[in-house]
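This is what each chain is made of:
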Amino acid sequence: MMETADSLSFKRLKWHCRRGMLELDLLLEPFLDEVFLTLDEEDKERFYKLIECEDQDLFLWFMQTDVPQDPDLARIVDIIVTRVQPESH
């Protein structure tokens, strides 16, 4: 099934992007709205996996003070960070 901005799965994902930390909301929600639907299926699955992670881990990864050990998570974190800070990569 093809995801769209109106699909139930996308709306659920949008809800899960609302985190306990404003800094994460400011990264995840715009990424979901502007980029997620353009990702290939493997990267979409990586994003779903990322959303299941703890806020404290996400914060460290996005602030680039730590790197996920899981290569799938490392890839999607890099995609998000590159989108937010393209000149640093």
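One numbering rule holds for all chains: residues counted from 1, following each sequence as written. Owing to the predicted nature of the model, reporting of local features is limited to residues with pLDDT of at least 70; listing and counting of side-chain atom pairs is limited to 80 or more, with chain, interface and lining totals taken over all residues. Hydrogens and water are ignored here; the side-chain numbers use all heavy atoms of the structure.

A.B. asks: Could you give an account of helix α2 (residues 22-34), with specific residues and numbers?
C.D. replies: A run of H or I in DSSP becomes a helix once it reaches four residues, and a run of E becomes a strand once it reaches two; helices and strands are each numbered from the N terminus. Every helix has an expected span of 1.5 Å times one less than the residues it contains. The terminal C-alpha atoms of α2, which comprises 13 residues, lie 18 Å apart, in line with the 18 Å expected from a rise of 1.5 Å per residue. Burial status follows relative accessibility: with a 1.4 Å probe on protein chains alone, a residue under 20% of its type maximum counts as buried, one over 50% as exposed, and anything between as partly exposed. Listed in full, the buried residues belonging to α2 are Leu24, Asp25, Leu27, Leu28, Glu29, Phe31 and Leu32.

A.B. asks: Lay out the nonpolar core in plain terms, naming residues and giving numbers.
C.D. replies: In this text, buried Ala, Val, Leu, Ile, Met, Phe, Trp, Tyr and Cys residues form a nonpolar core when linked through side-chain atoms within 4.5 Å. The biggest cluster of nonpolar side chains holds 24 residues, and the ones touching the most others in it are Leu28, Phe47, Leu50, Leu58, Phe62 and Ile80. Where this core is concerned, the elements lending two or more residues are α1 (8-16), α2, α3 (41-51), α4 (55-62) and α5 (71-84). Per-element accounting of this core gives the leading share, six residues, to α5. The contact definition used throughout considers only heavy atoms, calling two residues in contact when any of these lie within 4.5 Å. Leaving out residues up to four positions away in the same chain, Phe47 has contacts with Leu13, Cys17, Leu28, Phe31, Leu32, Phe36, Ile76 and Ile80.

A.B. asks: So what's going on with the packing of aromatic side chains? Which residues, and what values?
C.D. replies: Only the six-membered ring of Trp is used, alongside the rings of Phe and Tyr, when aromatic pairs are assigned; centres must lie within 6.5 Å, and planes under 30 degrees apart are stacked while those over 60 apart are edge-to-face, with the rest tilted. Following the criterion strictly, the structure yields four aromatic pairs and no others. Note on Phe36 and Tyr48: the rings are 5.9 Å apart at their centroids and 80 degrees apart in plane angle, and the pair reads as edge-to-face. Placement of Phe36 in the loop between α2 and α3 and of Tyr48 in helix α3 is noted, with a sequence separation of 12 residues between them. Following the ring pairs from residue to residue traces out a cluster consisting of Phe10, Phe31, Phe36, Phe47 and Tyr48. Here, a charge over a ring is recorded when the distance from Lys NZ or Arg CZ to the ring centre is within 6 Å and its angle to the ring normal is within 35 degrees. Cation over ring: Lys44 sits above Phe36, and NZ or CZ is 5.7 Å from the ring centre.

A.B. asks: Provide a residue-level description of the environment of Ser9, including the pertinent values.
C.D. replies: Here Ser9 is to be found in helix α1. Ser9 sits 53 residues away from Phe62 along the chain, and the two C-alpha atoms are 24 Å apart. Ignoring any residue separated from it by four or fewer positions in sequence, one finds Ser9 in contact with Glu3 and Tyr48.

A.B. asks: A description of the environment of Thr4 should follow, citing residues and the corresponding values.
C.D. replies: Counting through the fold element by element, Thr4 comes out in the segment before α1. Sequence separation between Thr4 and Phe36 is 32 residues; the distance between their C-alpha atoms is 9.8 Å. Leaving out residues up to four positions away in the same chain, Thr4 has contacts with Phe10 and Leu37.

A.B. asks: Hey, could you go over the state of the cysteines for me, with residue numbers and the actual values?
C.D. replies: By definition, disulfides here are pairs of cysteine sulfur atoms that lie within 2.5 Å. Under the definition given, this model contains zero disulfides. Cysteine Cys17 remains unbridged, with the sulfur of Cys53 as its closest cysteine sulfur at 12 Å. The exposure class assigned to Cys17 is buried, which follows from its relative accessible area of 0%.

A.B. asks: Describe the pattern of salt bridges, listing the residues and the values that go with them.
C.D. replies: The salt bridge criterion pairs a side-chain nitrogen of Lys or Arg with a carboxyl oxygen of Asp or Glu, the two atoms within 4 Å. A full pass over the atoms with the stated rule returns nine salt bridges. A salt bridge links Arg83 to Glu34; its shortest N-O distance comes to 1.8 Å. Linking Arg83 in helix α5 with Glu34 in helix α2, this pair joins segments that are 49 residues apart in sequence. A salt bridge links Arg46 to Asp72; the shortest N-O distance between them is 3.0 Å. Taken together, the positions of Arg46 in helix α3 and Asp72 in helix α5 put the pair 26 residues apart, joining distant regions of the chain. What you see here is one network of salt bridges that share partners, running through Asp43, Arg46, Lys49, Asp70, Asp72 and Arg75.

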